[in-house]
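Close look at the chain arrangement
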There are 4 protein chains.
Amino acid sequence: MHEHVRPLPSYLVNRFHGWQATAYAENKAWYRRLAEEGQRPRSMVISCCDSRVHVTSIFGADSGEFFIHRNIANLVPPYNPDGDHHGTSAAVEYAVSSLKVAHLIVLGHSQCGGVAGCHAMCTGHAPELEEKTSFVGAWLDLLRPGFERVKEQPEEKQVNALEHEAVVVSLENLITFPFVKAALDSDNMTLHGLWHDIGSGALEQYNPARGAFEQV
Amino acid sequence: MHEHVRPLPSYLVNRFHGWQATAYAENKAWYRRLAEEGQRPRSMVISCCDSRVHVTSIFGADSGEFFIHRNIANLVPPYNPDGDHHGTSAAVEYAVSSLKVAHLIVLGHSQCGGVAGCHAMCTGHAPELEEKTSFVGAWLDLLRPGFERVKEQPEEKQVNALEHEAVVVSLENLITFPFVKAALDSDNMTLHGLWHDIGSGALEQYNPARGAFEQV
Amino acid sequence: MHEHVRPLPSYLVNRFHGWQATAYAENKAWYRRLAEEGQRPRSMVISCCDSRVHVTSIFGADSGEFFIHRNIANLVPPYNPDGDHHGTSAAVEYAVSSLKVAHLIVLGHSQCGGVAGCHAMCTGHAPELEEKTSFVGAWLDLLRPGFERVKEQPEEKQVNALEHEAVVVSLENLITFPFVKAALDSDNMTLHGLWHDIGSGALEQYNPARGAFEQV
Amino acid sequence: MHEHVRPLPSYLVNRFHGWQATAYAENKAWYRRLAEEGQRPRSMVISCCDSRVHVTSIFGADSGEFFIHRNIANLVPPYNPDGDHHGTSAAVEYAVSSLKVAHLIVLGHSQCGGVAGCHAMCTGHAPELEEKTSFVGAWLDLLRPGFERVKEQPEEKQVNALEHEAVVVSLENLITFPFVKAALDSDNMTLHGLWHDIGSGALEQYNPARGAFEQV
């Protein structure tokens, strides 16, 4: 490992020192309290790793507000307590059972490379993702039930529809977790499905009564 | 699911509309290009879900700069291509093989609830995490090799040491991925280990030559 | 003072700019009229400083509707024109005599730290509040007559009862102000006592005929 | 008192029921946690009772964020622990010593009736405020030191200047409280002076280095 771990690029060092001298200095008291008293986030957000999705920015949120898990295509696997390492399930369990967040939000987005990959895989255009050694392919397999629901749509609409299904499938899977179900049933948490359009800046939310997304 | 999915709390709706009218409006041209041309992040950051850790803030990063995966305790499992759903491994594969990021950064932090939980579990104080149905416990199992390296230290120093080990273990595991190793060996990527102190605002980086963290 | 006054934290600056570009822009005409013609609030509300009590939210009130005084435990001192600085009495005088509000509302609430402090002080459990230099203790002294009325109740009910008494004592003291009495006697104003439960969202109002609070 | 305390006007009852069925229902889980775990506001705001000043709106703040004291003209008296009932001093003591807020913000505003009254009084145009029985006059006396600093300005500028002085005088008086001074000196709190223009929606902040207010 020794030869590969390097000092941080200086442009990041410089920016960090700038942050320390400004934003940190202005909020030192609050950061200290957050350190001493612990976090108490109101919401958990499950969002994509995509570098263009900034949930704290679009909601004007500062340190301490959102507990954020980010993975490829904002997917949640179904409940499966087999003892294996399930990073997403662990994050949800911690947020719901330990932190007792009041809102559980799944945030999808446009131009999602993961969703596009899933679509390519399900339509037979990405054999490399179907190889057993592909972590990305195995992960995107979680979204196959979503593909089943969009595959009859006109082809040019399928990827966008699948991006929205990535949110719906995750909401559905979340409810298979007993502790999520219990928190929802006891009115200790609400569930929210969002989809963000990177280019237009729009935000849509899932309306389960209509089974459709609507502009916020 | 119908009865549990709710409209977004109005304070978030209001703040979102504020963002649309300001930050989005000011940067519309860039967001459109990001949508049309796709993302091209320079770095991937693996960070904790903790609501007090804001990697974009401390590095003054805007949309498009960091591909960010966040999980409990910023852990990376060892390479294990068994066909199961590995969210973290998928995110690393996508960042390295598809996005070809230039820097792969693991960011740990102080007061980490996940690390504290792992320490409690390894010292026999958290039997609930050792139950087979605990996703958090199974996930934190990834950090046991780190506990083995700190367990001889004075007890009051162990948790802080384990927070640093969570970074080192992840760096070590990252190198077990063939595509990570290849990118590093061919000088197409560098690796970085950081630890952030929430209360003091400090940042430390791992110096492999000394096997220790140093102030940035 | 120079070294202590700092720029506003940037997350508040960003949110303010968002407000300017949305809520302000949409209501500019009304805000301008409010500026030019002055305020003409229908009601005055006396409420607690507690961050969980939002009288404008629970009553859907917008700019210009409520003249709001907030202090610890929503207390009003008895009439005492001794020439000293009485912030609460001044606010009441201004609302009644200058603004001629039609309704004067006292709003108490559950989990009130001030009321709990008063109870601790009156039962001998908060000597620090009895010290002469404690502003909080001296202020909560206004609620001692309320404690006298609840002290025979079962201990576990006393704090909740005292929260309600904080409203009743304030109503009683308000009537000792000649200008309040005159406005009430001439039917130019009505008086209202409310108590809000933060957790359940309930609202109770004081029914003087029964000497009790009733669900709204 | 009996004949004066009345049921809440039905338009407020209706709006309250609307709030219960919407905003409360959406955020029930969070309100419950706020009730059970207590408040942990990041900031205290000292603002005017004026019905046109909505600090939570302009900063997109929801329940739990701001501990708010409101009095006529957002004034803070100098430190004076004489055992009398000082509502403002008690609120500051509670916020700083018990809640340990990270930011202490004084928010002044345009068209302030209290400041205009102080100006009239100080220029001899409001003899009624100088009577010993006037609570408003006695309260506005706190702002006389501010008038001394603006009285040489052109008359048409004096009231606006005095509105800004109401903020500066309060900041100065806040520092006379030993517990405020201690929190500032130990970097456990920062101080902020703001002035809001109701008609134009602008916000200015006090820059002590220049001794002037600047647009935010």
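The rules we used
- Residues numbered from 1 in each chain as written.
- Chains lettered and ligands numbered in written order.
- Predicted model: local features only at pLDDT ≥ 70, side-chain atom pairs only at ≥ 80, totals over all residues.
- Heavy atoms only, no water.
- Contact = heavy atoms within 4.5 Å.
- Buried area = accessible area lost by both parts, 1.4 Å probe.
- Salt bridge = Lys/Arg side-chain N within 4 Å of Asp/Glu carboxyl O.
- Helix = DSSP H or I, 4+ residues; strand = E, 2+ residues; numbered from the N terminus.
- Buried < 20%, exposed > 50% of the residue type's maximum accessible area, 1.4 Å probe, protein only.
- Axes fitted to C-alpha atoms, helices over the stretch in contact; angles between N-to-C directions.
- Left-handed = near helix turned anticlockwise from the far one by under 90°.
- Least-squares fit on C-alpha atoms with pLDDT ≥ 70 in both.
- Pairing = 2+ DSSP bridges.
- Domains from an automatic or database assignment.
- Nonpolar A, V, L, I, M, F, W, Y, C, P; charged D, E, K, R; others polar.

Turning next to the interface of chain D and chain B. The interface of chain D with chain B comprises 6 residues on the first partner and 7 residues on the second. Carbon and sulfur atoms supply 44% of the area buried between chain D and chain B, which totals about 480 Å² over both sides. Of all residues in chain D, Glu26(D), Gly60(D) and Asp62(D) bury the most surface against chain B, accounting for 67% of the area lost on that side. Run the count over chain D and chain B and you get 1 salt bridge.

This part takes up the pattern of salt bridges. Residue and element names in this part refer to chain D. The tally for this structure, following the rule as stated, stands at 48 salt bridges over all chains. One salt bridge in this structure joins Glu165 and Arg149, with 2.7 Å as the shortest N-O distance. Placement of the pair is Glu165 in helix H8 (residues 155–175) and Arg149 in helix H7 (residues 144–150), with a sequence separation of 16 residues. With a relative accessible area of 16%, Glu165 lands in the buried category. According to the relative accessible area criterion, Arg149 is partly exposed, its value standing at 40%.

Below, the discussion takes up the packing of helix H4 (residues 113–122) of chain B against helix H8 (residues 155–175) of chain B. Residues and elements named next belong to chain B. Across the interface, H4 lies against H8 with an axial gap of 9 Å and an inter-helix angle of 115 degrees. Considering only the axes of H4 and H8, their crossing is right-handed. Every residue of H8 that contacts H4 at Val115, Ala116, Cys118 and His119 is listed here: Gln158, Val159, Leu162, Glu163 and Ala166.

Right, let's get into the relation of the copies chain C and chain D. Rotating chain C by 180 degrees about the axis while translating it 0.0 Å along that axis superimposes it on chain D, leaving an RMSD of 0.1 Å. Taken together, the rotation angle and the small translation identify this as a two-fold axis. When C-alpha positions in chain C are compared against the rotation axis, the closest is assigned to Arg70(C), at 2.5 Å. Most of the interface of chain C is mirrored in chain D, where 99% of its interface residues are also at the interface.

Right, let's get into the pairing of strand S6 (residues 212–215) of chain A. Residues and elements named next belong to chain A. Here strand S5 (residues 203–207) runs beside S6; their pairing, made up of 4 bridges, is antiparallel. Paired with Tyr206 across the bridge in S6 is Phe213. Taking the residues between adjacent antiparallel strands as the criterion, S5 and S6 are bridged by 4 residues, where Gly211 takes a positive phi near 65 degrees.

Residues and elements named next belong to chain A. According to the domain assignment, chain A contains domain 1 (1–38) and domain 2 (39–215). On a C-alpha basis, the centroid separation for the pair domain 1 and domain 2 is 29 Å. Listed as interface residues are 5 residues of domain 1 and, on the opposing side, 5 residues of domain 2. The contact between domain 1 and domain 2 buries some 320 Å² in all, and 50% of this surface belongs to carbon and sulfur atoms. If you sort the residues of domain 1 by the area they bury against domain 2, Tyr31, Leu34 and Gly38 come out on top, with a joint share of 78%. Scanning the region where domain 1 abuts domain 2 turns up 0 salt bridges. Residues belonging to the side of domain 1 that touches domain 2 are distributed by class as follows: 3 nonpolar, 1 polar and 1 charged.

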